[in-house]
There are 2 protein chains.
Amino acid sequence: MKKEINQITKEWNRANPDKLHINPEEFNELLTRRFFVIPSFEIYGGVAGLYDYGPPACAIKANILDLWRRHFVNEENMLEVDCSSLTPETVFVASGHVQRFADWMVKDVVTNDCFRADKLVGEFIDTELEENSELTQEKTEEYALVKKKIDDYDGKGLDELIQKYGIKSPTTGNELSASYPFNLMFSTPIGPTGKLKGYLRPETAQGIFVNFKRLLEYNGKQMPFASAQIGQAFRNEISPRSGLLRVREFTLAEIEHFLNPDVDEHPKLDTISSIRVPFFSRENQTQGLNPVDLTIAEAMEKGWLTNKTHAYYIARVKLFMDECGVLPTAIRFRQHLANEMAHYARDCWDCELLTSYGWIEVVGIANRSCFDLENHSKYSKNELVAYESFETPTVEEFVAVEPVKQKIGKILKGDVEPVMTYLNSLTDQERLDLQKQLDETGKISFRVESIDKTIELTKDLIAFPKREKKILGRNYTPGVIEPSFGIGRIIYCLLEHSYWVRPKQEHEKEEDKIQRAVLSLPPAIAPYKVALLPIKADQDQIVKKLQQSLARYGISHRVDAGNQNIGKKYARADDIGIPFAITIDDNSVTAGTVTIRERDSCEQVIVPISDLITVLNDLIDRIKLWEDIKQAYPEQKQTASDKVGKKQVK
Amino acid sequence: MKKEINQITKEWNRANPDKLHINPEEFNELLTRRFFVIPSFEIYGGVAGLYDYGPPACAIKANILDLWRRHFVNEENMLEVDCSSLTPETVFVASGHVQRFADWMVKDVVTNDCFRADKLVGEFIDTELEENSELTQEKTEEYALVKKKIDDYDGKGLDELIQKYGIKSPTTGNELSASYPFNLMFSTPIGPTGKLKGYLRPETAQGIFVNFKRLLEYNGKQMPFASAQIGQAFRNEISPRSGLLRVREFTLAEIEHFLNPDVDEHPKLDTISSIRVPFFSRENQTQGLNPVDLTIAEAMEKGWLTNKTHAYYIARVKLFMDECGVLPTAIRFRQHLANEMAHYARDCWDCELLTSYGWIEVVGIANRSCFDLENHSKYSKNELVAYESFETPTVEEFVAVEPVKQKIGKILKGDVEPVMTYLNSLTDQERLDLQKQLDETGKISFRVESIDKTIELTKDLIAFPKREKKILGRNYTPGVIEPSFGIGRIIYCLLEHSYWVRPKQEHEKEEDKIQRAVLSLPPAIAPYKVALLPIKADQDQIVKKLQQSLARYGISHRVDAGNQNIGKKYARADDIGIPFAITIDDNSVTAGTVTIRERDSCEQVIVPISDLITVLNDLIDRIKLWEDIKQAYPEQKQTASDKVGKKQVK
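Residues numbered from 1 in each chain as written. Chains lettered and ligands numbered in written order. Predicted model: local features only at pLDDT ≥ 70, side-chain atom pairs only at ≥ 80, totals over all residues. Heavy atoms only, no water.

Draft legend 1. The overall build of chain A, seen in detail. A tally of helices and strands in chain A yields 25 helices and 30 strands. Scaling as 2.2 N^0.38, a compact globule of 650 residues should have a C-alpha radius of gyration of about 26 Å, whereas chain A reaches 33 Å, well beyond that. Oriented by its inertia axes, the alpha-carbon framework of chain A measures out at about 115 × 70 × 55 Å. Here chain A holds 650 residues, and the buried ones make up 53% of them. Taking the contacts inside chain A whose residues are at least 6 apart along the sequence as the reference set, 68% of them involve residues at least 24 apart. Between the centroid of the 84 positive side chains of chain A and the centroid of its 98 negative side chains there is a distance of 3 Å. (Helix = DSSP H or I, 4+ residues; strand = E, 2+ residues; numbered from the N terminus. Rg over C-alpha atoms; globule rule 2.2 N^0.38 Å. Buried < 20%, exposed > 50% of the residue type's maximum accessible area, 1.4 Å probe, protein only. Contact = heavy atoms within 4.5 Å. Lys, Arg positive; Asp, Glu negative; His and termini not counted. Charge placed at Lys NZ, Arg CZ, Asp CG, Glu CD.)

What follows is the structure, given as structure tokens:
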């Protein structure tokens, strides 16, 4: 069944490659009705860009974060930290966010409604291209060019476009103000005086950077290493749209992998080099080509991936998304064009998923180079560096200052220190010149400004010989590879990817469509693993016993004990993505068996209660597939309860 | 060993019952050195009241939250949600936080430094009582009384005390301003216009209350039920002190249990009624008595606990704290005095833990009654109610309005509706009077203001007979029992409770004390379950294999592969609370065995690598105790590596 859906999706994608084909109204109805996600403060009319997760989405989120921790943090022994959201201004001055984390905004001059200038121009062009049938070839090309380069315009450029095209406020038709930068960070004073300016972090990364020294220490001073953080981030979007995809408060899971920028290696590279990834390189984008499936090794060979750790994480992200259950045809890794990179990034690849809104970035995998640590070193006056021991120490020649200590002290007395400081401040060449003078004339004379004296020294008092020193290592500022996961976006995309509607059966009414929705989430991600469905009211004792043993083995479940028919109960398990439904019927009492129904195929088998936990654990951990279970246990024959169930399905 | 420590602690507590006896400097040195907790933005000088968790504390936090989810959410099938921190003002107007979530603040009139007025008075009194040897009996009693009632004073009262006692700024000695209320919520505008006033939530509870209707719907309209939320909360404390115990950003785990306030029952009460809890009732506090150990049943009998669900949660919190590993002698449940309850609470019991700062609230278990749902109903104009079906419908008599429809229509024509509306608006008595008039005169006449007409009707057109109606149920506003957990405080207290220093051995130097610190955290809470300690550098292959199988079975671990001696490595595992250390030695290669060392006793056994995972899982899940393992496997005999280890311990 899942296969078929993938086939259908493939066809949809072929017909409309820029959108995932789902019915957005029916899909959103499901999200609201089953309390996956609703606008925050709904009873007060809601607030744009803020959403609450109800029980099923909250459980999915916990499962994704659990998987993330196992896949990344545990696998790579990352150092997980948990830092403040409230942040004093000085940190974001150092990181550049106070100066540069802004969008260009214009206001309706009458109502003061606010708009993003670049979005207004983009929407104007889209409408023109779609609706204006009298456009000249020249104008069409101009529009296309402007749209493509929209990220390159500054405020003045955007103002000129707004003037030129006569763009007005989209809600009222009023004139628009000149555009000005609007910083996207929420600000709030910290403490009672109101004097300490603070912000809510727009990313969790800075908490890791400012703790770099502590982390390096904790790691026994060993490089490279990665630190990770899961936490809330906040961005005061100007006009949030696209539902869950552009919100003002969201959960990020970020990794900062610190490495020596001069050493390009990763010990596990060979474990992922044959992983296939759909790459959409800068080259392909600018030449109008499609993404291509290449192995990591091939992409490195082509020069698309230039850093081995960067390449490693792209593969690991791909494997993670596969485990989450994304549609294999609806994922790609797109390289940022030069004009769209954040102010700190050297190179960046986005993992994008196809949705009904188009391709959406869910993970950004950026090479932040040494930008952050260098800036925090500068602003905090704390050296955030690591030490590198050279494998073979290098030898360096230098010109030493070698006074004859006993003698020179007697002659210079209190002036020894300033004189030595002066001589030590000279360059090697200047010292060589002094030695030459000593050799030729037997003495030197020089002026020491700090004590306002001219000093004369003879060659029995001082010498400037050539010497060698061993250099054992050096301090360096680590570079950073940062995979940054938008958890809310991943959840939303997974819901779209796993959503489908069972084909209508002859006896079913079109209106019952709502009851045929299914979320084919993988067991690891599904909000509950099992639905417990007693058919009769007097099965309380068995249900309680099953609940206890499911709880003991950590198998999350929902009981649906109402007196509705079994078909309705299956539907209610399917549409929140519960992979396995356990039906408790008369046989459960007489023969000690239950039936297990698989969500996607609707197939059922009869299993002794004594085997149930093992079978479920095997299915959930994917130790066994449904096919294996079907072969090991008898299929459920037609019974009354079964018939009702089958009505729902193919 | 743990038992001994408990014994020692008991003696400390007896000597100084208001404080846990640890050396705060050595303890804080450990927290910083091993990167449990450090001030946020340390390299920029830090910000008061903000802290970052490093890797071990972050892992402990994840373990506590995991245990919390299993103990509360899964066990009671709670509906977990995940709501916004950013909240529009209207929500906190309804909840009363805008008006009442404030402390009285005074300012130094010269420097503008801010202080909490009640804390200043309290500190002044403490100093007087401790240092002023000339206090009269009368004055001493006055001070004690003021201190006891400090929560009762409003701004005016506090100002009078400050005047009377001549209290000045503690930092400069300058005069203080009059006190004024300072709201503790962080405010930030939401959206670009700056017009929508918002706050960061000071508790997560409101997110649950505003979603009550959705939650009830999700629960199939069944009452009672509980919803839960884990998330960040923010309070702009005036002058945060006490380190980790009073902070500006913290993680709360909150449960809102909705119930019918007229039905006092809990289905699982009998499972917890014999649990013993150290109760410190309001009665005991005002009478100067000590807390007493009672069972839940006994406390209910005494009338201390007046609601069964409230009683149930107190017991469940006690069991949770036991699982977390608090010292049994350092926990109590204290009832709030009437003057210290939050504005929404009807009754409240705090779970308090003893620390070096004194007794600290870590969980508040409040009866919020119907306060929040009633207020959100009122302010949002959405009825937040549940429906109760009566077991036996009640019968109610009423006076009906029964027109003879066909006839009256012909006579009144377009006036039928307003006339019926008027008659339906009358009271039963007024209708009875009309019927009396009909019986006596055969007709009635009345004025209908809405159509400005006097209407006359004869008795063949209408009647007002007595009828009965069945009342099947009613709407009601649910009450709320709220257990609210300060996760950061629990972590801090557990660290203090589990901290001890091994007694010095003869051959050890006093300065090495730092190396003898131990955290006796239970395995479920410990940041890592296992330390992998290879003794020689060439054991990479075995270590890698062990790591892989530990990872596969989800057993978190740290490898300590440096070339320091084994004693140092044990010390480094002990002081972050790792319960089991696996030593890999020559026998690991030749005989396929490793040694397992237990942290608290330092005892070691030799275990075949093939048994290792089973043994560890049994120990971690407490299926087997260390005593069992010691009997099943040979003790480690004196070897070189062992000797070094033993030097560290008793």
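Moving on from the coordinates now.
Draft legend 2. Structural context of the relation of the copies chain B and chain A. After a rotation of 179 degrees and a shift along the axis of 0.2 Å, chain B superposes on chain A with an RMSD of 0.5 Å. What the rotation and shift describe, once combined, is the action of a two-fold rotation axis. For chain B, the residue whose C-alpha comes nearest the rotation axis is Thr188 of chain B, separated from it by 2.6 Å. Counting the interface residues of chain B, we find that 100% of their copies in chain A are interface residues as well, pointing to one common contact surface. (Least-squares fit on C-alpha atoms with pLDDT ≥ 70 in both.)

Draft legend 3. Expanded view of the sheet that holds strand S3 (residues 79-81) of chain A. All names here are of chain A. Spatially, the 9 strands line up as an open sheet ordered S3-S10-S11-S23-S16-S15-S14-S12-S13, and their pairing is mixed. Two strands close off the open sheet at either side, each with one partner strand: S3 and strand S13 (292-295). Neighbour-to-neighbour, the strand axes of the sheet open up by a mean angle of 30 degrees, direction not taken into account. Sheet topology places strand S12 (residues 276-280) next to strand S14 (residues 331-335); 2 bridges connect them, and they run parallel. When the bridges of S14 are listed, Phe279 appears paired with Phe333. Set on the sheet, helix H3 (residues 55-74) makes contact with S3, strand S10 (225-234), strand S11 (249-259) and strand S23 (479-486); between it and S10 the angle comes to about 160 degrees. Across the face of the sheet, helix H14 (residues 308-324) comes into contact with S10, S11, S12, S14, strand S15 (347-355), strand S16 (358-369) and S23 while running at roughly 150 degrees to S16. (Pairing = 2+ DSSP bridges. Axes fitted to C-alpha atoms, helices over the stretch in contact; angles between N-to-C directions.)

Draft legend 4. Region of the structure containing the domain arrangement of chain A. All names here are of chain A. Per the domain assignment, the segments making up chain A are domain 1 (2-90 + 187-374 + 479-491), domain 2 (102-183), domain 3 (401-464) and domain 4 (511-647). A separation of 34 Å is found between the C-alpha centroids of domain 1 and domain 4. Tallying the contact residues gives 17 residues for domain 1 and 17 residues for domain 4. Between domain 1 and domain 4, the buried area comes to about 1300 Å², and carbon and sulfur atoms account for 63% of it. (Domains from an automatic or database assignment. Buried area = accessible area lost by both parts, 1.4 Å probe.)

Draft legend 5. Structural context of the pattern of salt bridges. Enumeration according to the criterion identifies 78 salt bridges over all chains in this entry. Ionic pairing is found between Glu627 of chain A and Lys630 of chain A, a salt bridge with its closest N-O pair at 3.5 Å. Remark: Lys630 of chain A and Glu627 of chain A occur in helix H24 (residues 626-632); sequence separation between them is 3 residues, near one turn of the helix. Its relative accessible area of 29% is what places Lys630 of chain A among the partly exposed residues. Across the pair Arg282 of chain B and Asp347 of chain B runs a salt bridge whose closest N-O atoms are separated by 3.5 Å. Separated by 65 residues along the polypeptide, Arg282 of chain B in helix H12 (residues 282-286) and Asp347 of chain B in strand S15 (residues 347-355) bring together distant segments of the chain. You can call Arg282 of chain B partly exposed: its relative accessible area is 27%. Its relative accessible area of 9% is what places Asp347 of chain B among the buried residues. (Salt bridge = Lys/Arg side-chain N within 4 Å of Asp/Glu carboxyl O.)

Draft legend 6. Seen up close, the UniProt feature "domain: Aminoacyl-transfer RNA synthetases class-II family profile" (unreviewed entry) in chain A. Here, UniProt's "domain: Aminoacyl-transfer RNA synthetases class-II family profile" (unreviewed entry) annotation points to residues 167-503 of chain A. The span residues 167-503 of chain A shows a helical share of 29% and a strand share of 36%, and its end C-alpha atoms are spaced 46 Å apart. (UniProt positions renumbered as here; feature names shortened; annotations may be inferred.)

Draft legend 7. Layout of the interface of chain B and chain A. With 74 residues of chain B in contact, the opposing surface of chain A contributes 74 residues. Between chain B and chain A, roughly 6200 Å² of surface is buried when both sides are summed, and carbon and sulfur atoms account for 58% of that area. Of all residues in chain B, Ile43, Tyr44 and Tyr218 of chain B give up the largest surface area on contact with chain A, accounting jointly for 14% of the area buried on that side. Where chain B touches chain A, the interface holds 4 salt bridges. Here Arg214 of chain B ties to Glu42 of chain A by a salt bridge, and the two come within 2.4 Å at their closest N and O atoms. Our count for the contact surface shared by chain B and chain A stands at 26 residue pairs in polar contact (both at pLDDT 80 or more). Among the elements that line the side of chain B that touches chain A, the one with the most residues is helix H3 (residues 55-74) of chain B, at 6 residues. (Polar contact = N/O pair within 3.5 Å; in protein donor to acceptor, adjacent residues only side chain to side chain.)

Draft legend 8. Quick look at the sheet that holds strand S11 (residues 249-259) of chain B. Residue and element names in this part refer to chain B. Read from one edge to the other, the open sheet built from 9 strands follows the order S3-S10-S11-S23-S16-S15-S14-S12-S13, with strand pairing classed as mixed. The two strands at the open ends of the sheet, each matched to only one other strand, are strand S3 (79-81) and strand S13 (292-295). With strand direction ignored, the average angle separating the axes of adjacent strands in the sheet is 30 degrees. Pairing analysis gives 6 bridges linking strand S16 (residues 358-369) to strand S23 (residues 479-486), with the strands arranged antiparallel. Directly across from Ser369, in S23, lies its bridge partner Val480.

Draft legend 9. Fine view of the environment of Ile411 of chain A. Positionally, Ile411 of chain A belongs in helix H16 (residues 405-412). Sequence separation between Ile411 of chain A and Leu461 of chain A is 50 residues, and the spatial gap between their C-alpha atoms is 9.2 Å.

Draft legend 10. Quick peek at a negative patch on the surface. A cluster of like negative charges, contributed by Glu396, Glu397, Asp428 and Glu468 of chain B, occupies part of the molecular surface. With respect to the helices and strands, the residue Glu468 of chain B is situated in strand S22 (residues 466-476). (Patch = residues over 30% accessible without salt bridge, like charges linked within 9 Å, V, L, I, M, F, W, Y side chains within 5 Å. Areas by Shrake-Rupley, 256 points an atom, 1.4 Å probe, with all protein chains shown as cover.)

Draft legend 11. Here's a closer look at the packing of helix H6 (residues 117-131) of chain A against helix H8 (residues 155-165) of chain A. Residues and elements named next belong to chain A. Look at H6 against H8: their axes get within 10 Å of each other, and the N-to-C directions meet at 35 degrees. Our pair here, H6 against H8, has a crossing hand that is left-handed. Contact with H6, carried on its side by Ala117, Asp118, Val121 and Phe124, involves Leu158, Leu161, Ile162 and Tyr165 of H8 and no other residues of that element. For the contact of H6 with H8, the per-class residue count stands at 7 nonpolar, no polar and 1 charged. (Left-handed = near helix turned anticlockwise from the far one by under 90°. Nonpolar A, V, L, I, M, F, W, Y, C, P; charged D, E, K, R; others polar.)

Draft legend 12. Just helix H17 (residues 416-424) of chain A, in detail. For H17 of chain A, the set of buried residues is Pro418, Val419, Met420 and Leu423 of chain A. Residues of H17 of chain A that are buried sit in contact with strand S18 (402-403), H16, helix H18 (428-441), strand S19 (443-448), strand S20 (453-458) and strand S21 (462-463) of chain A.

Draft legend 13. Looking closely at the side chain of Glu80 of chain B. Along the polypeptide, Glu80 of chain B turns up in strand S3. Note on Glu80 of chain B: relative accessible area 11%, which makes it buried. Side-chain polar atoms of Glu80 of chain B contact the side chain of Arg69 of chain B, separated by 2.8 Å. With residues up to four places along the chain from it excluded, the contact list for Glu80 of chain B reads Gly54, Pro55 and Cys58 of chain A together with Arg69, Val73, Ala228 and Ile230 of chain B.

Draft legend 14. Highlighting the state of the cysteines. Under the counting rule described, the total for this entry stands at 0 disulfides over all chains. With no disulfide of its own, Cys370 of chain B has Cys348 of chain B as its nearest cysteine by sulfur position, at a separation of 17 Å. (Disulfide = S-S within 2.5 Å.)

Draft legend 15. Geometry of the environment of Leu434 of chain A. Residue and element names in this part refer to chain A. Positionally, Leu434 belongs in helix H18. Owing to a relative accessible area of 10%, Leu434 belongs among the buried residues under this scheme. Considering only alpha carbons, one finds Leu434 and Lys504, 70 residues apart in sequence, at a separation of 98 Å. Leaving out residues up to four positions away in the same chain, Leu434 has contacts with Leu423, Leu426, Ile444 and Phe464.

Draft legend 16. Spatial organisation of the pairing of strand S28 (residues 580-584) of chain B. Residues and elements named next belong to chain B. A large share of S28 lies buried, amounting to 5 of its 5 residues. Covered by surrounding structure in S28 are Phe580, Ile582 and Ile584 together with Ala581 and Thr583, the residues of both alternating faces. As paired elements, strand S26 (residues 530-534) and S28 share 5 bridges and run parallel to each other. By the bridge assignment, Leu533 is partnered in S28 with Thr583. Sheet topology note: the S28/strand S29 (residues 593-598) ladder contains 4 bridges and is antiparallel. Bridging across to S29, Ala581 finds its partner in Arg597.

Draft legend 17. Quick look at unusual backbone geometry. In this structure, the amide linkage connecting Met223 of chain A to the following residue, Pro224 of chain A, adopts the cis form with an omega of -10 degrees. Among the secondary structure elements, Pro224 of chain A is positioned in the loop between helix H10 (212-218) and S10. Backbone geometry at Phe35 of chain B places phi at a positive 55 degrees, although glycine is not the residue there. Topologically, Phe35 of chain B is positioned in the loop between helix H2 (24-33) and strand S1 (37-39). One non-glycine residue, Phe41 of chain B, lies in the positive phi region at around 55 degrees. Turning to its location among the elements, Phe41 of chain B is positioned in the loop between S1 and strand S2 (51-53). Phe41 of chain B gets classed as buried once you look at its relative accessible area, which sits at 3%.

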